[in-house]
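An overview of the molecular structure
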Amino acid sequence: MKVLRTRAERFGAIVATEAPPALISVTRALAQRLGVDGGALWEGASPGLDVAVLTGPTEAHVSATERCPAGCTGCYADATPTGHEPAADDVRARLEALAALGVFSVAFGGGEAALREDLPELAAYARSLGLVPTVTTSGLGMTAARAERFRVFAQVNVSHDGVAEIYRGVRGYDGAHLAERAIALLRAAGVPVGANTVMTRESFPHLEATAAHVEALGCVELQLLRLKPSGRGRLEYLTRRLDEAQIDAFGDVLARLSETRRLAVRIDCALLPFLAGSGRTTPEDVRAYGVMGCEAGRSLLAVRADGRAAPCSFWQSGERSALPEAPAESASLDRAWHDDAVLAQFRDYQETLPEPCASCTFRASCRGGCRIVAGAIGATPWAPDPECPRVRAHARAPAL
Amino acid sequence: MSDVADKVQAMTNVQPMTRATPDPDDVGVLSVHFGRSANCSSIGSVIDVLFVSGVVGTAVLASLAVLLGGRSDASGGVAEDDAASAPTTATSERTSEDEARSDGRA
């Protein structure tokens, strides 16, 4: 096993490895055997994994641009053909700030990040700083030569929501052929490729066919994503989100996908409440195998195209956000992690979850479900995720 | 072993243990988050390991502890590792092809 890097934490350390690629949280004793010195972090009793915030993000999502010509109807970033694109020097400064924070991996997104001609150079710069770079793309603009340059990425995820009409139905944009061409070119170049699949009410019945399709295309991973009411996605969220029967069936579908497909199956943080409510797993296993719910402000930091920090990519400054209009400078990222009021709100909420989350056995991993969904559907983000089966049942239970 | 267990073994590159496995708390691994987190908008987590039997699942954690700690006496077929010389930062530029090769995928 090759250890890439270690980082001391109050509980011990996080160990980044390859073969397998993983982040392993270890106790102080094992960390010490690995040569980690926790210093003041290790004073007092270990809190175990129950820490509200890690010493820095483990993962950062960096918007390389807000430019994208696709015009997907549900674009969470509200990207446009003329969206803002930060200068390369600004992106490099942000990467330096993230590296200084101890971040392990950086996922470039957008907009359509792959349209930046200098994206491979930025990824190489990230690697030179000790960061593991990945990127998500729709496949727009991919060529054989460009795919070769994308070998600098540890993995490229291509958005693929379903075969032909299914894809078009989810995105309002006929891009399946571009995604499939990009997957083929990247695979030919030797780049590990995953598929990002957003689940909507219409596409969910075709999920197993989609998984078989992207596996046949050569994808090594299927990343399932819950639809988010963010950006343009807010407009039609209520009619496109999974219905209650689909949410209730999610755990069984997930198990079937895992059993029948060779590719790795991943769920995003917002889907953990659906899995937890399915009875298909235990809180202990979810925790032991690092299946994460909302990690915004705990191990995750997002960096917008304008340089401002955010707890996650979907959190937008606007009518419901208290996100400060911080200057687009890299030093703000360090300040944001340690002092930002919105990140503090996330941490405070997760430390004091209301019922029915407070008594949920999955609370340590789930951390209350998706704040984006809660904020869009309810009056405040600081409330239980209303689509969680447990929360749904709680709301319908007669008051005692 | 089930198909999922085979898949998890291939994915994690961890050999299943052949005898009773130690309690992960005793060997020092609190949790493991597999994969490269290649999504740009939300945290992704591999869930396949949740659907293998408890014994195999426990073996994954325990085997990782063994690999990290270099305790070759605790499981079959686990070689001594280079974890003891772990760098505090990784600065070498590697390509995805290099990583795929080290994963046994290329």
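The model shown is predicted, which means the values in this text are computed figures rather than measured ones. (Residues numbered from 1 in each chain as written. Chains lettered and ligands numbered in written order. Predicted model: local features only at pLDDT ≥ 70, side-chain atom pairs only at ≥ 80, totals over all residues.)

Reports often express the size of an interface as the amount of accessible area lost when the parts come together. Taken residue by residue, the interface counts 59 residues in chain B and 80 residues in chain A. Only α1 (3-12), β1 (29-34), β2 (44-46), α3 (54-69) and α4 (96-103) of chain B provide two or more residues apiece to the side of chain B that touches chain A. Here the side of chain B that touches chain A gets seven residues from one element, more than from any other, and that element is α3 of chain B. Tallied by class, residues from the side of chain B that touches chain A come to 28 nonpolar, 20 polar and 11 charged. (Contact = placed C-beta atoms within 7 Å. Helix = DSSP H or I, 4+ residues; strand = E, 2+ residues; numbered from the N terminus. Nonpolar A, V, L, I, M, F, W, Y, C, P; charged D, E, K, R; others polar.)

Taken in spatial order, the 10 strands line up as β12(A)-β11(A)-β4(A)-β5(A)-β6(A)-β7(A)-β8(A)-β9(A)-β10(A)-β2(B) in an open sheet, and their pairing is mixed. At either end of the open sheet lies a strand with only one pairing partner, and these are β12 (309-310) of chain A together with β2 of chain B. Bridge analysis of strand β4 (residues 59-63) of chain A against strand β11 (residues 300-303) of chain A gives four bridges, and the strand direction is parallel. Bridge pairing in β11 of chain A links alanine 60 of chain A to leucine 301 of chain A. The strands that helix α3 (residues 119-128) of chain A touches are β5 (105-109) and β6 (132-137) of chain A; relative to β6 of chain A, the one it contacts most, it runs at about 150 degrees. (Pairing = 2+ DSSP bridges. Axes fitted to C-alpha atoms, helices over the stretch in contact; angles between N-to-C directions.)

Summarising the model, chain A shows a mean pLDDT of 92, and 96% of its residues fall at 70 or more. Considering only residues more than four positions removed or in separate chains, one finds that residues 318-328 of chain A, a stretch of pLDDT under 50, has 21 contacts. (pLDDT = per-residue confidence, 0-100.)

Residues and elements named next belong to chain A. Of all six residues in strand β9 (residues 221-226), six are buried, a share of seventy percent or more. Where strand β8 (residues 193-199) lies against β9, six bridges are found, and the strand directions are parallel. Counted as the bridge partner of methionine 199 is arginine 226 from β9. In this region the chain leaves β8, passes through helix α7 (residues 207-216) and returns to the parallel neighbour β9; the handedness of that crossover is right-handed. (Buried ≥ 20, exposed ≤ 12 C-beta atoms within 10 Å, placed from the backbone. Right-handed = clockwise from strand over helix to strand, strands pointing away.)

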